[in-house]
Each structure stands twice: as C-alpha cells, then as structure tokens.
Amino acid sequence: MRMAKRWRKRLRALVRRDAVDREMDEELAFHMEMETQQNLRAGMSPEEARRRAALAFGGVERFKEEVRDARSLGWVSGASLDLKLGLRMLAKYPGLTLVGGIAMAFAIAVGAATFELVAEVVHPRLPLPDGDRVVGIRILDAEAGRPEERVAGEFLAWRGELRTLDELGAFRGASRNLIVPGGSAEPVAVAEMTASGFRLAGSPPLLGRYLVDADEREGAPPVAVLDHRTWRTRFAGDPGVVGREVRLGGTVHTVVGVMPEDFGFPVSQGMWTPLRLGAREYPPGEGPRLRVFGRLAPGATLDAARAELSTLARRRAADSPETHRHLRPQVQPYARAVLDIHWRIVTGAAYSTNLGVLMFLVLVCANVAALVFARTAARESELVVRTALGASRRRIVLQLFLEALVLGSVAAVVGLAAAGFGLRWGLGAFETVQGEIPFWIDADLEPRTVLYTAVLALLAAGVAGVLPALKITGRGTEARLRQAGGGGGSARFGRLWTGIIMTQVALTAAFVPIVADVGMDTEDIRTADAGFRAEEYLSARLEVDRETVPGVPVEAPPEELDARLRAAYAEMERRLEAEPGVAGVTYAGQMPGAYHPRRPVEVDGPAAPPESEALHRVQAVSVAPDFFDVLGTPVLAGRGFVPGDLAAGQDVVVVNESFVREILGGGNPVGRRFRYPDPVKGDEPRVTAGEPDRWYEIVGVARDVTLTVDPDLPHNAGIYHPAAPGGGVPLRMAVHLRGVPLRMAVHLRGDPEAFAPRLRALAAAVDPTLRLHELRPVADAREAALVTYEFWVRVAGMACAVVLLLSVLGIHSIMAFTVSRRTREIGIRVALGADRRRIVAAVFSRSFRQVALGVGVGVLLLVVLTGGIHSMKMVGLLAASVAVMLGATAVACIVPTRRVLGIQPTEAMRADA
C-alpha cells in the first residue's frame, strides 16, 4: 500500500512538475524562515541570521535536485532533457555527426547482418506452424562413419511404430526436365514427397489441391504440384493451369495445384510429385536416398522421440544383427537433419565471425569516442560548473552517455536499413553462384536481430559516450576548476586514445593492401584475355535422370548411366553439327573461366622452385581430343590429342604455357614426365584420379587460356587429360563420368544466348531425361565466379575506408586538441623569437612517431597474415598505403598548426587567460 502511494506521488511529480516545484519552493522558504527566526532569537542581526540560515542549508539548487530525485522520477525528466541536448549536439557538430554516424552505422550494419546470418544458420526458425517441433531423422552408419541415406525400409517400419512423432514423412530431391507444351525444356528442382509434408507445413494451396495419400499408391495417375515461382515463370501465372498435362522427364504428369509464394517445404523445390515406395522390402543400404521428417506429437519432447527411436533400433538390431547392428538413428532439429553441413565447424565459424564483428564495432566506436572526447573537452568548463553547482559525476556521465545514445540510435536505424539491403544483395549473389537457398533463410530481419541491434547501439553509446565521460570527469572538482580557470583545461589525450589511434593505423596499414590486392586481382581477371573468343561459345552441364523406370525410385547402375550419357552426347553432337550457325562442338570436365580443382604434382627432372610448398599445385581438366581445335587454341609445341591417346596404356597429357613456366622453369617440356604423388581424397571431384605411382608423359604445349577465375589462386598452370564420353571408349586415368560433370561447349557464329532455346529443344528431342544445367555463354562463367569475390571486396573495401577515415580524423582531433591546449606556450615561444620551423617540427614529431609505430606494427601483421610479402605489387600497395597514412597525418597536423601559428602572441595570451 505504501509503495503504491509512493509511486502515485512520483507520477504526480512527473506530470505536474510546476506545481510540485512551487510546493517545494514554499517548503524551503518556510524552513529558511524558521531557521532565520531561530538565529534572531539567538541574538544575531537580521543579515547575519539569513546568512547563517543559508549556510546551514548549503546549496539550495543541489538540495532541490536531490528532493526532485527522491520525490519523483527525476531521472526520466533529466534523461529527456539530455536526449534533447543530444539532438542539438548532432546539429551543432555536423562533422562529428556525419563521420561518427557513418562509422557506427556501418559497424552496426555489419554486426546486424552477421547476427542474422548466424541465427539463420545456427538457430534457424522454420516459418511453419509449430516449426520448432519439426524434426528430421537420420541414420548413422557407425562402421562407415557416415550417414546412411538409403533408409526406405526403416522409414516404412517407423510409419507404423513411432508414437512420439506425427505426420511422419519422407522426401528425396531430384532434378527433372520440365517440358511444357509450346515451351522449352528446362530443369526444375523436384521434391518427391509424401503427402504428410503438406499437412505438416499447414499451408493451403493457392490453386487446386496439394498431394494426398491416394497419390502415393502404385498405379495412381502421375500428378504434380507447382510452386509459385515455377507457375509464374513457366506458365505465365495462368489461373487455368490446374488440369494441364506437362512432361516431367520421361513421364507425363497432371498439374493438380499451385502453392502460395511463401511455401518452400522441404527445402526450396519448384515442383512436388508423390513419393511412391510401394509394398516392396528395402534392406538396409538399398532403395532410394531419402530424408525423413516429422513433428513431435502433443506432449512429446525431443528426448522422448530419441529414446523411442533408440528402443526401436535396438529391437531391430537384436532381430537382424547382420544388417542393423551398426545403424544408429538420430533425431535432430529439421534444418540440421536436412542440410549436409558440418554443424560443429559451421557453428564455431559463425560465432567466431560474430565475435570478430563485435571487436570491429568496439574498435570503430573507440575511435568515435576519441572524436567525442575532443568535442567534450571543449565543453569542460560547462561540465565543471555543473559539477560545482551540485551535479554528480554519475549525472554527468549519464548525460554524455545519452548524448552518444542519440547518435548511436540514429546509426542503428541507418545500420538496420543497410543490413537489410546488404542481406538481399549477399543472398542474391549466393543464389547466383549456388542456386536456390533453403526456404527458411531470407533477407527479412527478425525481431531478435532488431533487439540485437538495439544492444549494439547501447554498446556503441557506452564506448563512445561513457569512456570520454569517465575521462573528462576523472579529476576532483577543485583541481579541475583551478586548472580550467588557469589555462588550458585539465583534459588530456592519454595513452588509451593514443593506443586506439595506433591500433587503427596498424590495421589500416595491414588490411588496405590485402583488400586492394584482392580487388586488383578481381579486376585483372575480369579484364584479362581469356585466350580464346569466349563470347562465341555456349556451354551447358549435361546430366541424365538416374531412374531406370520413370516414376519408380530405383536408380540405374552407374555403368548404365554412363552409357546413356555417352549416347545422348553423341546424338547431340551429330545433330548440332548439322545446325546452321554451329562451327563446332566439344566437351570438357570444366569450362575455362570456372573453378578447376588443384592437385600437387612431382616432375621427373629439374623443376622451378615451389613458392610455398614442397610440391607444386596445378589445375587439371579432362577434355575431348578436339578441344583445342574447337576453341581455336593452338598447340605451340609437340602435338595435341589423337584418337590413339584413348587406348589403354597411353598415359599422355598436354600442358599449357604457364605449366612450363611455373612448374618446369622453362625449356622444352615435350617428353618430360610428372606424377600425382597423393591419391585423390574422397571429398574432391575425381577429375584427375591419377594413381600415386603412375607417370604421365607430356606430348604437347597449348597456348594459355584462363582456367580458374579465383583471385586467391592467380597462377594458371594447367594439365589437360584426354577423355571420350561420346566415343564408346571406357574412360580411364583422367576422369570417370560418375561424380564428374560433363560440360559441352558449342561454338556459334551468332549470338550464343539466342541459340540457347534451340539447344534445349534439341536436348529434349534426343532424350527427355537429358538435362542442361548452367546453360550460358562461356564468357559469363567468369562473371558468375566473381560474384562472391566482388561482394566481399566491396564489404571489406567499405570497412577499410571507414577505418582509414577514422584514423585520419582521429589524428586530426588529437593534433587539434593538443595544439589548442598549447596555444599559450606556442604564442610565448613565437613572441620570444623561436624558429617557426622548430615549433612545427616539435608539433609534428609526436604524431609521426605514433603513426610510424602503428605502421610498423601493421607491416608485421601483414607479413603474418600473408606469409610474407612475395610480390612487387604487394610492396607497391604497402608503400601506397603508408604514403596515404603519412600524407593524411601531415594534413591532419598542418591545419591546426597553421591555425595556432597565425594567432598573434597577445591574442594567444588572452585566449587562455
């Protein structure tokens, strides 16, 4: 009851402040009068009685302030005044507002975007009803140490046994040719899924219906459901699409529904067809590759589901130890179970990145704090007077914190907008390179990110506002009054601010050359000569459906898939050669301009010294015998490939000019031999599956073409192995089509993009299950590969620009502040006839020593990060970076020094008097 009464009084004091102040004035006047009367009765004169009463009460204003804080929510009204003052300060100091705001906004934007990505990856939230209760089931093969994806038999058993999971279902992802009557044949991502997936997702169809259990029965008519994008792009948003027949690979399907725009379950598919497993028995390790999902039943927990699944696994292991004893089922949150990601590595990398971003934010805000300190020091007299009138140190610190919070809040709003834009930009770049992303990852900022941004704004305000406030209020009132009144003020830039500026100079000196080097490499690769007329070639990656019978989830043997692909390519080549405007057709494991895996090689005989490894690393690719002729890349020495090179025992290769220069150190390479000393690892593409003891003979040298577009791997040494997917000769030594994509290149006399629809039509006519992926001009492969690098170069470039700008302004602030504090000293020295050059040298020397030390630390950091400075380009970039820093330091010193040297000695004496 008392507490409620007390809070009512405080709210009244906040709302009716004028009335409360009048009451307090009346009360103070009453007590003053009583004290005066008592003094009069003690025999004092009226003047002495009033003076003694005033002394007894002390500072009246301080007393009023304490009473207000005790009787009301004084901190609220005080904070509102400080916030208003902070807004006025933004307008009063536009330079600091602009620079500090941009720097803090950029740091907050990077922090918010990073947090959003980390949250989306590490702690994803499914936009589904009860999304946090949706789980996935995987089986770990304990003997092989890898997940077992052929779990059809287990899934069929779980459907009838599990009680802790509802809507248990499964899906498998596939790519199929979608052939629309009157349109072209283009690949589409398909999910063969049980109907329970739609019920679990809980999203009604936009048109028609979604899949039902009856669609999964064998013999049921083939049906398909479209996603919103496919419906809009391939069917022009036709509302009458339901009931139309389309060909999906080798099977005709009837469209029965269209899903809304925000639906993407299970990952990011464009169509859905029923998963038909039938009543067959699927032993472990057989059947289609499936992903199993479900939703925790009401009242069930994740631990309960794991316990039940473990019990079923032990029972099956006891009944069938030969096939089940090594299988370990696992229940995981859905996103972790579906995505093939090393979660521990990803989680560690995500949190490390977020920590690095926080450190970057603190560094930026510390530099802003140096600028704020210089501004606050100019107000030292005001703060000293406020302290003398009764304001506590806590009150002053709170005021400066709230002023910085205004700046941080504006920066947070701008940073959130920039983070949203950056996420859309980054995810768009990722989609360009990797394709569709999971449906639960988007560029919309979630409430948790907005809350995190608010925390970042508070952190920024704490660093940029509290640190200067603690520094400026760190000395006693009496000493500060005496020093502020006697010349120059008490505030000084100490070791903390000097250390911050030096740290920033070091980071600038280290990272600006690195970012500039990557940026220059990226631009060099963009503008480099491809070595052939890449704009005249159209390329595509060829694949065929894996199923033996359309619609039945049983994969064909690898040998059958290889034979089908060879036959399809041979027929495509025959038809293309008859097309007008086609000058040639060839193939390769990878087209020039895209990424080529690198492997170490060991040469027989003298070789160029390796730069950083005991073995050289080169790019290797398998090509058709006519590859050099079709690309117009002449063989400069020796010979190219001939059909006999495909025969058994002919281990021959062609190398490029860069191989001769970088690996062999020049000379005649024809007849030289090399080998791959290490076998190919299991997670590497098998494009150069050379055996460790197999030697390859160089029979020719081809002119350089740009193989890999990668600024981090500027060397171009390459090896060409012969392969013949269309010639009926078994592939060997260099490439096997299983696990290695086959890319076809068509040399055209006209516009490659204009020929793309015709190429798709020819592929569909040859084999409806033959899919053309990444259909684009060869010249565009370079642009696609550079998207990711350009994104990171721009982000890193903006970060370096912010750091460089803060470094220059920090140096300028220190110099301007220091020189202003030495105005009297410099004026006296000038009046006494001191040499102005010596004065300038004395002023400059301190700043240049600090900058030189920071540059030295930055150079050491650069050497550590790059493993040494090996190129003249890096030396030049480092020299340019140092020159910019020294030049900026000189400019930062010249402006305040010229200002103070222009003051007359008498004016300098009066300025601090």
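Residues numbered from 1 in each chain as written. Predicted model: local features only at pLDDT ≥ 70, side-chain atom pairs only at ≥ 80, totals over all residues. Heavy atoms only, no water.

Glancing now at the side chain of Thr586. Relative to the elements of secondary structure, Thr586 occurs in strand β13 (residues 582–588). At 3.1 Å, the side chain of Thr586 and the side chain of Asp626 are in polar contact. (Helix = DSSP H or I, 4+ residues; strand = E, 2+ residues; numbered from the N terminus. Polar contact = N/O pair within 3.5 Å; in protein donor to acceptor, adjacent residues only side chain to side chain.)

Attention shifts here to helix α10 (residues 302–319). Between its first and last C-alpha atoms α10 spans 26 Å; for 18 residues at 1.5 Å apiece the expected length is 26 Å, and the two agree. Among the residues of α10, Ala305, Glu308, Leu309, Leu312, Ala313 and Ala317 are the ones counted as buried. (Expected span 1.5 Å × (residues − 1). Buried < 20%, exposed > 50% of the residue type's maximum accessible area, 1.4 Å probe, protein only.)

Here we take up the side chain of Glu116. Looking at the element boundaries, Glu116 is found in helix α6 (residues 94–122). Put simply, Glu116 is tucked away with no salt bridge, and the nearest opposite charge, on Arg448, sits 5.3 Å away. (Lys, Arg positive; Asp, Glu negative; His and termini not counted. Salt bridge = Lys/Arg side-chain N within 4 Å of Asp/Glu carboxyl O.)

This brings us to the environment of Phe171. Positionally, Phe171 belongs in strand β3 (residues 165–179). Taking the C-alpha atoms as reference points, Phe171 and Glu192, separated by 21 residues in sequence, lie 5.4 Å from one another. Aside from chain neighbours lying at most four places away, what touches Phe171 is Glu192, Met193, Pro266, Val267, Leu275, Arg289, Leu290, Arg291, Phe293, Tyr334 and Val338. (Contact = heavy atoms within 4.5 Å.)

Okay, the nonpolar core next. Generally speaking, nonpolar side chains in soluble globular proteins are found buried as a group. Core analysis: the biggest nonpolar cluster contains 35 residues, and Phe265, Trp272, Tyr334 and Trp440 have the highest contact counts within it. For this core, the secondary-structure elements that each account for two or more residues are α6, β4 (185–193), α8 (196–201), β6 (223–226), α12 (334–338) and α15 (393–434). Membership of the second largest hydrophobic core comes to 28 residues, among which are Phe115, Val368, Ala799 and Val802. (Core = buried A, V, L, I, M, F, W, Y, C linked by side-chain atoms within 4.5 Å.)

Turning next to the environment of Leu358. Its location among the elements puts Leu358 in helix α13 (residues 343–377). Separated by 101 residues in the primary sequence, Leu358 and Leu459 place their C-alpha atoms 9.6 Å from one another. Among all residues touching Leu358, those that are not within four sequence positions of it are Tyr452, Leu456 and Leu459.

This part covers the packing of aromatic side chains. As enumerated under the stated definition, the model contains 21 aromatic pairs in all. Measuring from centroid to centroid gives 5.3 Å for Phe265 and Tyr334, while their planes differ by 25°, and the two rings are stacked. Of this pair, Phe265 sits in the loop between β8 (251–258) and β9 (271–274) while Tyr334 sits in helix α12, and the two are 69 residues apart along the sequence. One exposure class covers both Phe265 and Tyr334, and it is buried. Arranged with centres 5.6 Å apart and planes meeting at 85°, the rings of Phe674 and Tyr676 form a pair that is edge-to-face. Here Phe674 and Tyr676 have matching classes, each one buried. Three or more aromatic residues link up through ring pairs in this structure, and these residues are Phe171, Phe265, Phe293, Tyr334, Phe439 and Trp440. Taking NZ or CZ as reference, Arg673 lies 4.7 Å from the ring centre of Trp695, over its face. (Phe/Tyr/Trp six-rings, centres within 6.5 Å; stacked < 30°, edge-to-face > 60°. Lys NZ or Arg CZ within 6 Å of the ring centre and 35° of its normal.)

Contact geometry for helix α19 (residues 558–577) and helix α22 (residues 752–766): axes closest at 10 Å, N-to-C directions at 130°. As summarised for this structure, α19 and α22 are arranged oblique, according to the angle between their axes. Crossing of α19 against α22: the hand is right-handed. Taken together, the residues of α22 that come into contact with α19 (itself represented by Ala568, Glu571, Met572, Arg575 and Leu576) are Phe755, Leu759, Leu762, Ala763, Ala765 and Val766. Tallied by class, the residues present in the contact of α19 with α22 amount to 9 nonpolar, no polar and 2 charged. (Axes fitted to C-alpha atoms, helices over the stretch in contact; angles between N-to-C directions. Parallel < 35°, antiparallel > 145°, perpendicular 65-115°, else oblique. Left-handed = near helix turned anticlockwise from the far one by under 90°. Nonpolar A, V, L, I, M, F, W, Y, C, P; charged D, E, K, R; others polar.)

Moving on, we get to the pattern of salt bridges. If you walk through the whole model with that rule in mind, you get 28 salt bridges. Residues Arg125 and Glu446 are paired through a salt bridge, measuring 3.7 Å at the closest nitrogen-oxygen approach. Here the residue Arg125 occupies a position in the loop between α6 and β1 (134–141), and Glu446 occupies one in the loop between α15 and α16 (447–472), the gap between them amounting to 321 residues. Using a relative accessible area of 47% as the deciding quantity, one classes Arg125 as partly exposed. Between Glu167 and Arg199 there is a salt bridge, with the nearest N and O atoms lying 3.0 Å from each other. Placement of Glu167 in strand β3 and of Arg199 in helix α8 is noted, with a sequence separation of 32 residues between them.

Residues with a pLDDT of 70 or more make up 72% of the protein chain, whose mean pLDDT is 76. Mean pLDDT in the protein chain bottoms out at helix α17 (residues 477–486), which sits at 47, and peaks at β6, which reaches 95. Counting interchain partners and residues more than four positions distant, the pLDDT-below-50 stretch residues 477–482 has 11 contacts. Segment residues 726–740 is flagged for pLDDT under 50; beyond a separation of four residues in sequence, or across chains, it makes 53 contacts in the model. (pLDDT = per-residue confidence, 0-100.)

Turning next to unusual backbone geometry. The phi angle of most residues is negative, glycine excepted, and most peptide bonds adopt the trans form. Geometrically, the link from Phe265 to Pro266 is a cis peptide bond, its omega value of 10° lying close to zero. If you trace the backbone, Pro266 turns up in the loop between β8 and β9. Positive phi values are uncommon outside glycine, yet Glu774 reaches one of about 55°. Examined against the element boundaries, Glu774 turns out to sit in strand β22 (residues 770–777).

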